[in-house]
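As a plain string of letters, each chain reads:
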Amino acid sequence: MNDHLAENASAPRPPRGAARCAEAALALAGVAWTARAVWQIRLAAAGEPASGPPDQGNGNHRTPTSLEDAYHIVSAVGDIATGLCALVFLLWLVRARDNARALSGERPRYSWPWIYLGWIVPVANLWVPRGIVADVHRASAPGEPLPRALNWWWGLWLTGMLSGAGLMYADSTDEVIARAYTDIWQLLLSDAVVVAAAVAGVLVVRAVTVAQTGRTADAVRHDTAPAA
């Protein structure tokens, strides 16, 4: 649907509003994951209770401590912030891609469903999202090199996604709490990667926005100027 709208658009739309929302969402996600790391450090400092980990095995769970209860809340808020960030980032990417198409007059290499499918289709999700952002920048700033932040962002994203302790936690919250008591460093390293990916994502959004802003303003002025 967005692809059809882009085909009919006569001029690109100002990118700054969507970009600011994306930057704020990325910053919020970074703060949420920083808070998660802080609580993991607090758990490690407090030490595992004498009664053992929260998950006692065979479906039995002991009563959580107040610190463990707080971590459950922090973890849930982090999940919500990450989901919101993903949604807002995709909305920005749709706007940026439509603008890039309007500015270049060329059909994008990836059709519009890949804006969403590229993140979840196995194997393809290792390069398609980066390719979409790279194509947007190339169409927005012909002849200019890709921003260095792009590769940093994508490398950090893949590391956080594939680490097994970052963006795609395979463990339940209680299992993560148990790991905080026994293996805090792996958790903190994964948290740091996710936060760094959020920071790099902000830089990527800014680079694409800067590339589009001047050309978009010119296109809008030319499109709305009265005929002589």
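Rules used throughout
- Residues numbered from 1 in each chain as written.
- Predicted model: local features only at pLDDT ≥ 70, side-chain atom pairs only at ≥ 80, totals over all residues.
- Heavy atoms only, no water.
- Helix = DSSP H or I, 4+ residues; strand = E, 2+ residues; numbered from the N terminus.
- Expected span 1.5 Å × (residues − 1).
- pLDDT = per-residue confidence, 0-100.
- Contact = heavy atoms within 4.5 Å.
- Buried < 20%, exposed > 50% of the residue type's maximum accessible area, 1.4 Å probe, protein only.
- Axes fitted to C-alpha atoms, helices over the stretch in contact; angles between N-to-C directions.
- Parallel < 35°, antiparallel > 145°, perpendicular 65-115°, else oblique.
- Left-handed = near helix turned anticlockwise from the far one by under 90°.
- Phe/Tyr/Trp six-rings, centres within 6.5 Å; stacked < 30°, edge-to-face > 60°.
- Lys NZ or Arg CZ within 6 Å of the ring centre and 35° of its normal.
- Salt bridge = Lys/Arg side-chain N within 4 Å of Asp/Glu carboxyl O.

Overview of helix α2 (residues 16-46)
Okay, step 1: A rise of 1.5 Å per residue sets the reference length of α2, with its 31 residues, at 45 Å; its end C-alpha atoms lie 45 Å apart and thus fit the reference within 8%.
Okay, step 2: Looking one or two residues past α2, G47 carries a phi angle of roughly 85°, positive in sign.

Concerning the confidence of the model for the chain
Okay, step 1: Here the chain shows a mean pLDDT of 86. Residues at 70 or above account for 87%.
Okay, step 2: Throughout residues 224-228 the model reports pLDDT below 50, and contacts reaching past four residues in sequence, or to other chains, amount to zero contacts.

As for unusual backbone geometry
Okay, step 1: Of note, the phi angle at V123 is positive, near 75°, even though the residue is not glycine.
Okay, step 2: Position of V123 among the secondary structure elements: in the loop between α4 (114-117) and α5 (128-140).
Okay, step 3: Since its relative accessible area comes to 52%, V123 is described here as exposed.

A few points about the packing of α2 against helix α7 (residues 173-182)
Between two packed helices, both the angle of their axes relative to each other and the distance between the axes serve to describe the pair.
Okay, step 1: The N-to-C vectors of α2 and α7 enclose an angle of 60°; their axes lie 7 Å apart at closest approach. Comparing their axes, α7 and α2 come out oblique. Crossing of α2 over α7 shows right-handed handedness. Mapping the contact onto sequence places Q40, L43 and A44 in α2 and V176, I177, A180 and Y181 in α7.

Thoughts on the packing of aromatic side chains
Okay, step 1: A complete count under the given rule lists eight aromatic pairs for this structure.
Okay, step 2: Centre to centre, the rings of F89 and W92 are 5.3 Å apart; their planes meet at 50°, and the pair counts as tilted. Of the two residues, F89 and W92 both sit in helix α3 (residues 66-104), three residues apart, roughly one turn of that helix. Across this residue pair, the class does not change: F89 and W92 are buried.
Okay, step 3: Where W119 meets W157, the ring centres are 5.5 Å apart and the plane angle is 85°; that geometry is what we call edge-to-face. With W119 in the loop between α4 and α5 and W157 in helix α6 (residues 148-162), this residue pair connects regions lying 38 residues apart in the sequence.
Okay, step 4: An aromatic cluster of at least three residues, connected via ring pairs, comprises F89, W92, W119, W153, W154 and W157.
Okay, step 5: A cation over an aromatic ring shows up here: R36 above the ring of W33, its NZ or CZ 4.1 Å from the ring centre.
Okay, step 6: Of note, R42 hangs over the ring of W39, and the distance from its end group to the ring centre comes to 5.1 Å.

A word on the pattern of salt bridges
Okay, step 1: Per the stated rule, a full pass over the model turns up six salt bridges.
Okay, step 2: Here R206 ties to E23 by a salt bridge, and the two come within 3.5 Å at their closest N and O atoms. Of this pair, R206 sits in helix α8 (residues 184-224) while E23 sits in helix α2, placing them 183 residues apart in sequence.
Okay, step 3: Judged by its relative accessible area of 46%, R206 is partly exposed.
Okay, step 4: Between D135 and R109 there is a salt bridge, with the nearest N and O atoms lying 2.9 Å from each other. Within this pair, whereas D135 is found in helix α5, its partner R109 is found in the loop between α3 and α4, the two being separated by 26 residues in sequence.
Okay, step 5: R109 sits in the exposed class, given a relative accessible area of 56%.
Okay, step 6: Counted as one network, the salt bridges with shared partners bring together R109, D135 and R138.

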